[in-house]
Amino acid sequence: MRSQTTGSMSPPATATVPALSGRGLVKRYGTQYALAGVDIDIARGEALAIVGPSGSGKTSLLHVLAGILPSDGGEVSLAGQRIDHLGETKRAELRRTEFGFVFQTGMLVAELSAEENAALPLLLGGQSRGTALTSAREWLARLGLAGKETNRPGELSGGQAQRVAIARALVHRPRVIFADEPTGALDTRTGRDTMDALLTAASDNEAAVVIVTHDAELAHSVPRMVTLRDGRVVS
Ligand SMILES: Nc1ncnc2c1ncn2[C@@H]1O[C@H](COP(=O)(O)OP(=O)(O)O)[C@@H](O)[C@H]1O
Ligand SMILES: [Mg+2]
């Protein structure tokens, strides 16, 4: 029997449950609304760009979706299960197991080598050092960093450091990767290459990726785009 094609009241078929979904998300700082009721769905393996002017709520939305910030209203669901009401310990565990993060500047640990940085999510998850480093090296090679495994962040270019951050975001095979202005500190050419590397690596692993950028040109290389203005989705 064919399932109903309309009817938002009926429960969705499993295959169509979004990887991540936000409903009526509100975030306030004092009297200022950073998010004023945002609905957003990200499908399994989908790449989505969130664009909008500075101050439009992009980072707030990313942080609320990822459970870094508690919201002041609305719901967040991961594969159909609500996660917004979880306590900080559970949220931290989710961030470590289901999510990967890439920030504007790598946020790599300066004292650790590239392979140790990339292996961090596995080491924190309790894998042995040997297994974790083997996986990390595979990811670094896939991202074009073979030969750089033992370099420290200070011995890498900006683009190379972002690739280490991408390896670290993917090494534990998360369901969703969040990237906040991942190319913001790079020149145009390196930024484009880094964005391609991120999109390809995520898509090869069926990880959904949510990329915040104010760079409209870069956003156009991402299949789907959501525009925020004053804490609301405008397109
Ligand atoms: N920690 C904070 N305290 C007070 N206001 C904040 C804080 N973080 C963000 N805001 C405000 O919330 C709004 C949205 O900010 P943000 O989510 O960082 O937007 P974007 O990432 O699009 O620049 C802005 O008006 C900003 O000034
Ligand atoms: Mg921001």
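Going by the structure above, here's the rest.
Each residue is numbered by its place in its chain's sequence as written, counting from 1. Key to labels: chains lettered from A, ligands numbered from 1, both in the order written. Owing to the predicted nature of the model, reporting of local features is limited to residues with pLDDT of at least 70; listing and counting of side-chain atom pairs is limited to 80 or more, with chain, interface and lining totals taken over all residues. Only heavy atoms go into the side-chain values, all of them from the structure, while hydrogens and water stay out.

A. Structural detail: the site of ligand 1. Within the structure, ligand 1 sits among Y29, Q32, A34, P53, S54, G55, S56, G57, K58, T59 and S60. Polar contact is defined as a pair of N or O atoms within 3.5 Å, subject to the rule that within protein one atom must be able to donate a hydrogen and the other to accept it, and that residues adjacent in sequence are counted only when both atoms are side-chain atoms. The backbone of S56 places a nitrogen or oxygen atom 3.2 Å from an oxygen atom of ligand 1. In this description, accessible areas are obtained by the Shrake-Rupley approach with a 1.4 Å probe, and a residue is regarded as covered only by the protein chains that are shown. A total of 560 Å² of accessible area belongs to ligand 1 in isolation, and the protein chains cover 59% of it. Elements represented by at least two residues in the shell around ligand 1 include exactly β2 (32–42) and α1 (58–65). A helix here means a DSSP run of H or I that spans at least four residues, while a strand means a run of E at least two residues long, and both kinds are numbered starting from the N terminus. A per-element tally of the shell around ligand 1 places α1 first, with three residues. The nearness test applies per residue and asks whether one of its heavy atoms lies within 4 Å of the molecule or strand.

B. Broad picture of the nonpolar core. Put simply, buried Ala, Val, Leu, Ile, Met, Phe, Trp, Tyr and Cys residues joined by side-chain atoms within 4.5 Å make one nonpolar core. The cut-offs for exposure are 20% and 50% of the maximum accessible area for each residue type, with area from a 1.4 Å probe on protein chains only; residues under the lower value are buried, those over the upper are exposed, and the others partly exposed. Ranked by size, the top nonpolar core spans 39 residues in total, and within it I177, V209 and I211 carry the most contacts. When contributions to this core are tallied by element, the ones reaching two or more residues are β3 (47–51), α3 (114–124), α4 (129–142), α5 (158–170), β7 (176–180), α6 (188–204), β8 (208–212) and α7 (216–219). The element that contributes the greatest number of residues to this core is α5, accounting for seven residues.

C. Region of interest: the pattern of salt bridges. We define a salt bridge as a side-chain nitrogen of Lys or Arg found within 4 Å of a carboxyl oxygen belonging to Asp or Glu. Summed over the entire model, instances satisfying the criterion amount to 13 salt bridges. A salt bridge links R91 to E88, with the nearest nitrogen and oxygen atoms 3.0 Å apart. Linking R91 with E88, this pair stays in helix α2 (residues 88–97), spanning three residues, or about one helical turn. Under the relative-accessibility criterion, R91 is labelled buried at 13%. Salt-bridge contacts for R192 lead to E217; the nearest nitrogen and oxygen are separated by 3.5 Å. Of the two residues, R192 sits in helix α6 while E217 sits in helix α7, which places them 25 residues apart along the sequence.

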